[in-house]
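Chains, contacts and geometry: an overview
Residues per chain, in single letters:
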Amino acid sequence: MPRTIGGISNALRGGRRAQFFAELLEAQQGAELDGVLTAWWGRAMLDTDPDRDPVRAAAEAGTLPTTTMDDILRRRQRHTVR
């Protein structure tokens, strides 16, 4: 998805598009506008994820599988050592 105003707005679901434009219209050019685009690009990426709804439901129910950074580092080291 393009990291543009159009790309972000096209990917957002429902009322989130209106929220995006409201924040966009209030942001000043520069770091503030960049921050709005970055935050909403992340939200738009989540909106395009086909697994978004089940993952969100699992997170809200406290059943989403978690891991530690140590586990992630160990797995990465095992895959790069081969």
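Up top you'll find the structure we're talking about.
None of the values given here were measured: they were computed from a predicted structure. (Residues numbered from 1 in each chain as written. Predicted model: local features only at pLDDT ≥ 70, side-chain atom pairs only at ≥ 80, totals over all residues. Heavy atoms only, no water.)

All chains considered together, the criterion is met by six salt bridges. We note a salt bridge from Arg-52 to Asp-47, for which the minimum N-O separation is 3.2 Å. Under the relative-accessibility criterion, Arg-52 is labelled buried at 15%. A relative accessible area of 5% places Asp-47 in the buried class. Arg-56 is the salt-bridge partner of Glu-60, the closest N and O atoms lying 3.1 Å from each other. Here Glu-60 pairs with Arg-56, and both are found in helix H4 (residues 52-61), just four residues apart, close to one helical turn. Overall, Glu-60 belongs to the exposed group, its relative accessible area being 60%. If you follow the salt bridges from partner to partner, you end up with Arg-13, Arg-16, Asp-47, Arg-52 and Asp-53 in one network. (Salt bridge = Lys/Arg side-chain N within 4 Å of Asp/Glu carboxyl O. Buried < 20%, exposed > 50% of the residue type's maximum accessible area, 1.4 Å probe, protein only. Helix = DSSP H or I, 4+ residues; strand = E, 2+ residues; numbered from the N terminus.)

On to the packing of aromatic side chains. Scanning the entire structure with this criterion turns up two aromatic pairs. A ring pair is formed by Phe-20 and Phe-21, whose centres lie 5.3 Å apart and whose planes are at 50 degrees; its orientation type is tilted. Exposure remark for Phe-21: the relative accessible area of 31% places this residue in the partly exposed category. Taken together, the ring pairs connect Phe-20, Phe-21 and Trp-40 into an aromatic cluster. If you follow Arg-43 out to its NZ or CZ, it ends over the ring of Trp-40, 4.4 Å from the centre. (Phe/Tyr/Trp six-rings, centres within 6.5 Å; stacked < 30°, edge-to-face > 60°. Lys NZ or Arg CZ within 6 Å of the ring centre and 35° of its normal.)

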